[in-house]
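Architecture and fold: a report
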Amino acid sequence: MVWGCVLRPALRILVIGAVLGVLSAAHAQDYPSRPVKIIVPTPPGGPVDVVGRLTANYLQTTLGQALVVENRAGAGNTIGSKDAAEATPDGYTLLFSAASGLIIAPLLHPDAGYDPLKSFAPIALVGASPSVLVVNPSVPAKTVQELVAYAKANPGKVNFSSGGIGVLPHLIGELFKARSGIDIVHVPYKGGAPSITDLLAGNVQMTFENTSVLLPLIQAGKLRALAVTTQQRISQLPDVPTMIESGYPNFVTVAWTGLLAPAHTPEPIIAKLNTAINQGLKTPEFAGALAKVSVDPLGGTPQDFTNTMKTELARWSPIVKSLGLDHPAQ
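Below or above, wherever it landed, is the structure these notes cover. Note that the coordinates shown come from a computational prediction; the quantities given were computed from them, not determined experimentally.

1. Regarding the packing of helix H6 (residues 168-180) against helix H11 (residues 302-322)
Running from amino to carboxyl end, H6 crosses H11 at an angle of 60 degrees, the nearest separation of the two axes being 11 Å. By the angle between their axes, H6 is oblique relative to H11. H11 is crossed by H6, and the crossing has left-handed handedness. Together, Leu 168, Leu 171 and Leu 175 of H6 and Trp 316, Ile 319 and Val 320 of H11 make up the contact between the two elements. Residue composition of the contact of H6 with H11, by class: six nonpolar, no polar and no charged.

2. Quick word on the environment of Asn 274
Summarising the element assignment, Asn 274 is placed in helix H9 (residues 267-280). Since its relative accessible area comes to 11%, Asn 274 is described here as buried.

3. Overview of the packing of aromatic side chains
With the rule as written, the count across this model stands at eight aromatic pairs. Both rings, one in Phe 208 and one in Phe 251, keep their centres 6.1 Å apart while their planes meet at 20 degrees; by these two values the pair is stacked. Taken as a pair, Phe 208 in strand E7 (residues 206-210) and Phe 251 in the loop between strand E8 (224-228) and strand E9 (254-262) lie far apart in primary sequence, 43 residues in all. For Phe 208, a relative accessible area of 1% puts it in the buried group. For Phe 251, a relative accessible area of 3% corresponds to the buried category.

4. Description of the nonpolar core
Membership of the largest hydrophobic core comes to 49 residues, with the highest contact counts inside it found for Leu 102, Val 144, Leu 147, Phe 176, Met 206, Met 243 and Trp 256. It is helix H4 (residues 99-108) that contributes the most residues to this core, seven residues altogether. Counting residues in each nonpolar core, the second largest holds 33 residues, with Val 69, Leu 94, Leu 259 and Ala 276 among its members.

5. Quick notes on empty space enclosed by the protein
The probe, sized like a water molecule, is rolled over the atoms to show the empty space still left. With the rule as written, the count across this model stands at two cavities of 30 Å³ or more. Of the volumes computed, that of the largest cavity is approximately 280 Å³. Around the largest cavity sit 22 residues that line it, and Pro 47, Val 48, Ser 100, Pro 169 and Glu 209 are the ones nearest its centre. Looking at the lining of the largest cavity, the elements that each hand over two or more residues are helix H2 (47-63), H4, H6, helix H7 (192-201), E7 and E9. At three residues, E9 tops the list of elements feeding residues into the lining of the largest cavity. A per-class count over the lining of the largest cavity returns 11 nonpolar, 10 polar and one charged. By volume, the second largest cavity is sized at about 40 Å³. Only H2, strand E4 (120-135) and E9 provide two or more residues apiece to the lining of the second largest cavity. Per-element accounting of the lining of the second largest cavity gives the leading share, three residues, to E4. The class makeup of the residues in the lining of the second largest cavity is five nonpolar, five polar and no charged.

6. What to know about the packing of H2 against H9
In the contact formed by H2 and H9, the axes pass within 10 Å of each other and the chain directions differ by 115 degrees. Here H2 lies roughly perpendicular to H9, going by the angle between them. For the pair H2 and H9, the crossing hand works out as right-handed. Between H2 and H9, the residues in contact are Tyr 58, Leu 59, Thr 62 and Leu 63 and Leu 273, Ala 276, Ile 277, Gln 279 and Gly 280, respectively. Here the contact of H2 with H9 is built from residues that sort into six nonpolar, three polar and no charged.

7. Description of the pairing of E7
By the criterion of burial, E7 is predominantly enclosed, with five of the five residues buried. In the sheet, E4 pairs with E7 via five bridges, with the strands oriented antiparallel. Among the inter-strand pairings, Val 135 is bridged to a residue of E7, identified as Met 206. Relative to E7, strand E5 (residues 158-162) runs parallel, the two being bridged by two bridges. When the bridges of E7 are listed, Phe 160 appears paired with Met 206.

About the cut-offs
- Residues numbered from 1 in each chain as written.
- Predicted model: local features only at pLDDT ≥ 70, side-chain atom pairs only at ≥ 80, totals over all residues.
- Heavy atoms only, no water.
- Axes fitted to C-alpha atoms, helices over the stretch in contact; angles between N-to-C directions.
- Helix = DSSP H or I, 4+ residues; strand = E, 2+ residues; numbered from the N terminus.
- Parallel < 35°, antiparallel > 145°, perpendicular 65-115°, else oblique.
- Left-handed = near helix turned anticlockwise from the far one by under 90°.
- Contact = heavy atoms within 4.5 Å.
- Nonpolar A, V, L, I, M, F, W, Y, C, P; charged D, E, K, R; others polar.
- Buried < 20%, exposed > 50% of the residue type's maximum accessible area, 1.4 Å probe, protein only.
- Phe/Tyr/Trp six-rings, centres within 6.5 Å; stacked < 30°, edge-to-face > 60°.
- Core = buried A, V, L, I, M, F, W, Y, C linked by side-chain atoms within 4.5 Å.
- 1 Å grid on protein atoms, 1.4 Å probe; cavity = no way out; pocket = protein on both sides within 12 Å on 5 of 7 lines; lining within 4 Å.
- Points joined across faces, edges and corners; volume = space filled by probe spheres on them.
- Pairing = 2+ DSSP bridges.

This is the structure in structure tokens:
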């Protein structure tokens, strides 16, 4: 009788687990049965938004349902990220983000309301692209060395823009400032698009930003590229040297983007979306669209995505602390 009493609850748990597993798998077969919302925590027109919309366009064709991109920008990408983390974990609200919102923002703002490793279920990395140091053509510098000399001759008069405090372009700019010993002023905007707009207008002089949005402007002569942040030169800008070639060893950063769901989203739904993205990244349509904006396809498993986030946390955490950015001025 005692063993029977012990076994019955355990058996009940096993049965319930098996039933839930069957229901979850059945739900995933029908998924999605209605439109899916993808939250992008940046304004329209920026690099994360561009790749997010390309991903949504591909997935809605593959999955046979509308995928609606909703921009919820602000507070260094934390507003949209927090909203996604708190959404119902049923696969109908997803997050498309990058290191700035997922990794760096929580380091800067411990009260952001989400944890990069606990609040989300990674689906798949989508793409990666380098950052490029660009200046407004009015700046009399055609190389990084000339820009440094110009900034030293004009301390405090050279401004660099970014899409907000703590986003990747901000950190890259701060690293450049620290490594070069120049006095340049950070001007944060509410997203990458307005940051670039003011750079084009000459209201700020320089930025480090993703090639996915800068490439057409560089090719049109509206911005001047001085260096890329890759290990080697990139094919889209073969005449532009790397930061390493420009005298800054180990100055390498790559911006990645990926799709996530709220934590506890059923695994079969995660697997279905992961398969769709990985298959899409092998097609001329999706891969070709990414190539046009200078994004290299990534893909991989959800665990690959988790590993990337862990690596990025380990990489950026000491940098944020060393630059004193973990307690930014209010």
